[in-house]
Amino acid sequence: MAGVELKQLKGRFTVRQQETPLFSALMRHVQGKPLQYHVPGHKGGRAAWSGLLEAWGDQVFAYDLTELDSLDDLHAPGGVIREAELLAAAAFGAQRTHFLTAGATAGIIASVMACCKPGDKVLLPRNVHRSVIAAVILVDAYPVFMQPEFDDLAGVYTGLVPQTVEDHLRAYPEATLLVLVNPTYHGACGDIADLVDCARERGVPVLVDEAHGSHFPFYREFPPSGLAVGADLVVHAVHKTLGALTGGAMVHMGRESRVPERRLRSALRLVHTTSPSYLTMASLDAARMQAVTRPAAQWSHALALAHEVRRAASLTEGFLPHPPRFPRPGYVAQDPLKVVLVSDGRWRGQDLARALTGLGHYPELTGDNHVLLVMGVGDQASAKDLVNALAMVVSVPGPGTGTQVSCVPKTIPPVAMRPRQAAFSQWRTLPLEKAGGLVAGEMIVPYPPGVAVICPGELITAEMVGFLMDLLSRGHSAHGIGPPPDYLVSVVEE
Ligand SMILES: Cc1ncc(COP(=O)(O)O)c(C=O)c1O
């Protein structure tokens, strides 16, 4: 295309991207001071509790609307929601984008449903979010887990090496989906271009869970998005790193997606609420506009602050430098806005987090030997204080971790039955300590890092019981394990 034409196209793109069709339609509607003979029951705030009105103001309620003719319908968009979704698709580099108000979780479940039928095999890294496993249970698919690489400093999984994916694609040519995570919760990125290529060469669709990387398409120093390297489906939890309200997410079809849109839309209708929050949808529209039009200087400023915190930590006694030098197998880049503060063994993550919180700094996540800070535009005011707080906190001696600890087991338990079969079997509950050798009925997901260590249908090995008892004794909790002293778990009745 000629240079002039390209420039015009770019110009038109930028002008349209400054618009917020959904938010603007809501604003027009609210300005008309409508009388509401429709849901929701707070009637635009007129029937809301005074305490909420006092704290939040009445505009929150005025904008919390429902599917009126001028406001379109998320499940069959043909008006302002469609316009907003088309702008989002152009902005993120997708063929088509669907808004979600039920989190990335809804997009992930719908994506798996769009690609798989009962009995199909899905290739997935062991560190997938629990929503992927939920999808596998709902579809009655057969998960083939792949072991990701490991960040020995923080004790968490990183990404897959292409060889692992290639080996599995060769061993399971019938697989109907490959799931990738880009980045992990802690910001680790594998070689997403290579990983996507492996599957495309074999005609297997790729779903990239980019819940923590919605910002990737918007600044050159971020690692590449799955959308830029040919993934079929990409899910963004826009609320996590861009300016959308909690629950605001998007599922995108890649430019060359081989997944039929009808399938995805139909799956979304099965799993997504029929009462999507207009506040959340409008915030998605605004977050897209803001991300596209944000001056590069704001991103570079955020990156500089994150870098400053990372550097200050590396120069402070008690902290190990993180991330390690790149490239490493399965770990070729770190999201620069995820700062992992790693202990050299002299302090515990819980103690650092408590001390930081005491000073008014709230981290995202705490591991035994690390604390994760999710940084971004808007942190300007507090980054310097944070650096000072770090130095202050570690200067006070406390109990250390002793040895380096891992939040995830390095082995995948043997499979006894399909996850759906186990999830819908008769269960009995018994103390974790007595569950060795039995088949799990439920997922067991320690927090942090929120990755399932046991899936329904897997054998609870003696080694796994030991691993979990050790975690619990260190004060961690896990979804799927009841409270102390019994620590009850659900197992499949034999
Ligand atoms: C890797 C990953 N994927 C998906 C999700 C689900 O996102 P949401 O909470 O928006 O449903 C999470 C949530 O933390 C996550 O960490």
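Residues numbered from 1 in each chain as written. Predicted model: local features only at pLDDT ≥ 70, side-chain atom pairs only at ≥ 80, totals over all residues. Heavy atoms only, no water.

Colleague: I tried to follow the packing of aromatic side chains on my own but got confused; where do I start?
Modeller: Two aromatic rings, taken as a pair, are described by how far apart their centres are and by the angle between their planes. Tallied over the full model, the rule gives 9 aromatic pairs. Seen from their ring centres, Trp56 and Phe61 are 6.0 Å apart, and the 25° between their planes marks the pair as stacked. Ring plane angle 90° and centroid distance 5.2 Å describe the contact between Phe222 and Trp299, whose orientation is recorded as edge-to-face. Linking Phe222 in the loop between strand E8 (206–209) and strand E9 (233–236) with Trp299 in helix H13 (residues 296–315), this pair joins segments that are 77 residues apart in sequence. (Phe/Tyr/Trp six-rings, centres within 6.5 Å; stacked < 30°, edge-to-face > 60°. Helix = DSSP H or I, 4+ residues; strand = E, 2+ residues; numbered from the N terminus.)

Colleague: Is there a simple way to explain the site of the ligand in this structure?
Modeller: Contacts to the ligand come from Gly103, Ala104, Thr105, Ile108, His129, Asp209, Ala211, His212, Ala237, His239 and Lys240. Residue Lys240 places a side-chain N or O atom 3.0 Å away from an oxygen atom belonging to the ligand. Counting atoms within 2 Å of the grid points, the majority share of the ligand lands in the largest pocket. Elements supplying a minimum of two residues to the shell around the ligand: helix H6 (103–115) and helix H10 (238–241). Sort the elements by how many residues they give to the shell around the ligand and H6 lands first, with 4 residues. (Near = heavy atom within 4 Å. Polar contact = N/O pair within 3.5 Å; in protein donor to acceptor, adjacent residues only side chain to side chain. 1 Å grid on protein atoms, 1.4 Å probe; cavity = no way out; pocket = protein on both sides within 12 Å on 5 of 7 lines; lining within 4 Å. Sits in = over half its atoms within 2 Å of the grid points.)

Colleague: Just to check I follow, could you spell out the sheet that holds strand E10 (residues 249–253) for this structure?
Modeller: Sheet strands associate in pairs through backbone hydrogen bonding, adopting either a parallel or an antiparallel arrangement. If you trace the 7 strands from one edge of the open sheet to the other, you get E1-E10-E9-E8-E6-E2-E3, paired in mixed fashion. Single-partner strands in this sheet number two, and they are strand E1 (96–100) and strand E3 (142–146). Averaged over all neighbouring strand pairs, the angle between strand axes comes to 20°, with direction disregarded. Across 5 bridges, E1 lies against E10 in antiparallel orientation. Across the sheet, His98 pairs through a bridge with Val251, a residue of E10. (Pairing = 2+ DSSP bridges. Axes fitted to C-alpha atoms, helices over the stretch in contact; angles between N-to-C directions.)

Colleague: What exactly am I supposed to notice about helix H8 (residues 162–171) here?
Modeller: Along an α-helix, residues three or four apart share an orientation, since each turn contains 3.6 residues. When we look at burial in H8, the residues that qualify are Thr164, Val165, His168 and Leu169. Take H8 and look down its axis: the buried residues cluster within an arc of 130°, on one side only. Each element contacted by the buried residues of H8 is listed here: strand E2 (121–125), E3, strand E6 (177–181) and helix H9 (192–201). (Buried < 20%, exposed > 50% of the residue type's maximum accessible area, 1.4 Å probe, protein only. Arc of directions from axis to C-beta. Contact = heavy atoms within 4.5 Å.)

Colleague: Just checking my understanding: could you explain the sheet that holds strand E15 (residues 370–374) for this structure?
Modeller: The strand order E11-E13-E15-E14 describes an open sheet built from 4 strands, whose pairing is antiparallel. Two strands bound the open sheet, and with one partner strand each, they are strand E11 (319–320) and strand E14 (365–366). Bridging between E11 and strand E13 (residues 338–343) involves 2 bridges; their strand directions are antiparallel. Residue pairing across strands places Leu320 opposite Val342, the latter belonging to E13. On the sheet, H13 packs against E11, E13 and E15 and is oriented at approximately 10° with respect to E13. Against the sheet, helix H14 (residues 349–358) engages E11, E13, E14 and E15, with an angle of about 45° to E15.

Colleague: What's the story with the nonpolar core in this structure? I'm lost.
Modeller: Side chains of a nonpolar character, in soluble globular proteins, are inclined to be buried together. The biggest cluster of nonpolar side chains holds 79 residues, and the ones touching the most others in it are Phe99, Leu178, Leu180, Leu341 and Leu352. Among residues more than four places away in sequence, those in contact with Leu352 are Phe319, Leu341, Trp347, Val371, Leu390 and Val393. (Core = buried A, V, L, I, M, F, W, Y, C linked by side-chain atoms within 4.5 Å.)

Colleague: Where do I start with the environment of Lys43 in this structure?
Modeller: Structurally, Lys43 can be placed in the loop between helix H2 (21–31) and helix H3 (50–56). Judged by its relative accessible area of 30%, Lys43 falls in the partly exposed class. Distance in space between the C-alpha atoms of Lys43 and Ala62 is 7.9 Å, their sequence separation being 19 residues. The residues contacting Lys43, other than those within four sequence positions of it, are Gln36, Tyr37 and His38. Within the structure, Lys43 has its side chain in polar contact with the backbone oxygen of Gln36 (distance 3.0 Å).

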